[in-house]
Amino acid sequence: MAEITAASVKELRDRSGAGMMDCKKALNETNGDMEAATDWLRAKGLASAAKKSSRTAAEGLVGVAVAGTKGVAVEVNSQTDFVAKNDIFQNFVREVTAIALEKGDDVEALKAAPMAAGGSIDDVLTANIATIGENQVLRRARKVEVGKGAVIPYVHNAAAPGLGKIGVLVALESDAGVDVLEPLGKQIAMHIAAAFPLALDDTGLDQEVLERERAIATEKAAESGKPADIIAKMVEGAVKKFAKENALLSQLFVMDGKTPVADVIAKAGKDAGATIVLKDYVRFQLGEGIEKEESDFAAEVAATAGLTK
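A quick note: this is a predicted structure, and the numbers were derived from the prediction, not measured. (Residues numbered from 1 in each chain as written. Predicted model: local features only at pLDDT ≥ 70, side-chain atom pairs only at ≥ 80, totals over all residues. Heavy atoms only, no water.)

## Remarks on the confidence of the model for the chain
- With 90% of its residues at a pLDDT of at least 70, the chain reaches an overall mean of 87.
- The low-confidence segment residues 300–309, where pLDDT is below 50, has seven contacts with residues more than four positions distant or belonging to other chains. (pLDDT = per-residue confidence, 0-100. Contact = heavy atoms within 4.5 Å.)

This is how it looks when you write it as structure tokens:
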């Protein structure tokens with residue numbers, strides 16, 4: 001049996017929003033497995049869903065850049081938020097983003113690409129680590145492009161132009177003019193930043209994620225005591241609902257809360273007299289998927305000073 005610590009109970013509570021005792025019980029039931037405990041709480045109806053932002057713990061910046069029909073998003077991580085406000089770090093992220101726009105989004109290839117002042121991106125990153133005194137990592141990059149139309153950028157909670165905590169790119173393929181595509185793309189990008197879609201449409205959803213939702217729905221439905229055929233329909237209904245709520249084109253547009261995104265795009269195209277197709281999108285949220293070890297700053301200071309907290 002794994003040891004259930006107060007820290008793990010707190011983490012599960014932050015993730016799920018469930019009560020402290022329920023979180024402790026969930027961890028005991030799942031031998032301390034955080035993901036399994038989250039699913040256990042959801043299956044018991046004690047948590048509606050894992051908080052999507054709960055794993056967003058790393059610091060740094062997301063950079064976005066666009067040139068006509070192509071755009072790129074890049075994430076560079078650091079240990080503390082102070083570095084994100086540093087001019088050296090901001091300029092580095094800005095230049096790396098510009099290079100990625102030209103060279104592509106293969107991270108290993110990017111690290112070897114030359115920078116304006118000399119040296120490769122990896123060389124300059126190493127020098128920055130020595131100068132700033134804090135570890136930094138070029139984590140990921142993603143480029144999107146359309147044959148005709150526009151790629152529209154959006155940065156939420158911007159620290160500087162093109163740099164922030166959440167970077168979004170929307171790739172719209174169309175013969176419509178930028179006067180139509182830019183405002184539409186900006187609204188869709190804001191929706192993406194807020195609604196956190198997992199894929200463009202239901203065919204793009206990760207099958208492992210869907211099977212996990214199916215397992216949760218099955219456990220919930222089984223507790224209803226209904227006949228097997230009714231349970232099967234309940235499970236399928238729950239999985240379809242999950243897919244609809246997490247695929248971008250079927251999500252309800254945050255601007256009005258009632259129109260599917262696909263219909264918003266279709267109407268804009270009809271009004272403009274040109275077909276508009278949402279070909280792709282990127283949503284980078286700083287630190288998503290990275291687990292960051294929490295530290296007790298007061299305890300660290302006390303230890304450094306040779307004191308006890």
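## Structural notes on the side chain of Q136
- Position of Q136 among the secondary structure elements: in strand β3 (residues 136–145).
- Setting aside anything within four residues of it in sequence, one finds Q136 in contact with N77, S78, F89, L125, N128 and I129. (Helix = DSSP H or I, 4+ residues; strand = E, 2+ residues; numbered from the N terminus.)

## Quick look at the side chain of N128
- With respect to the element layout, N128 can be found in helix α7 (residues 121–132).
- When neighbours within four sequence positions are excluded, N128 is seen to be in contact with I88, F92, G133 and Q136.

## Quick look at the pattern of salt bridges
- Following the criterion strictly, the structure yields 18 salt bridges and no others.
- Between E108 and K111 there is a salt bridge; the shortest N-O distance is 3.5 Å. Residue E108 and its partner K111 are both found in helix α6 (residues 107–112); the two are separated by three residues, about one turn of the helix. (Salt bridge = Lys/Arg side-chain N within 4 Å of Asp/Glu carboxyl O.)

## Quick look at the environment of G269
- Secondary-structure assignment places G269 in helix α11 (residues 261–272).
- The spatial distance from the C-alpha of G269 to the C-alpha of D175 is 9.6 Å, given a sequence separation of 94 residues.
- Residues in contact with G269, not counting those within four places in the same chain, are A274 and I276.

## Some thoughts on the packing of helix α9 (residues 207–222) against helix α10 (residues 228–246)
- The contact between α9 and α10 brings their axes to 9 Å, and the two run at 140°. With respect to their mutual orientation, α9 and α10 come out oblique. Of the two possible hands of crossing, α9 and α10 adopt the one that is right-handed. When α9 is examined against α10, the residues V209, L210, E213, R214, A217, T218, A221 and A222 are found in contact with a partner set consisting of I231, M234, V235, E236, A238, V239 and F242. (Axes fitted to C-alpha atoms, helices over the stretch in contact; angles between N-to-C directions. Parallel < 35°, antiparallel > 145°, perpendicular 65-115°, else oblique. Left-handed = near helix turned anticlockwise from the far one by under 90°.)

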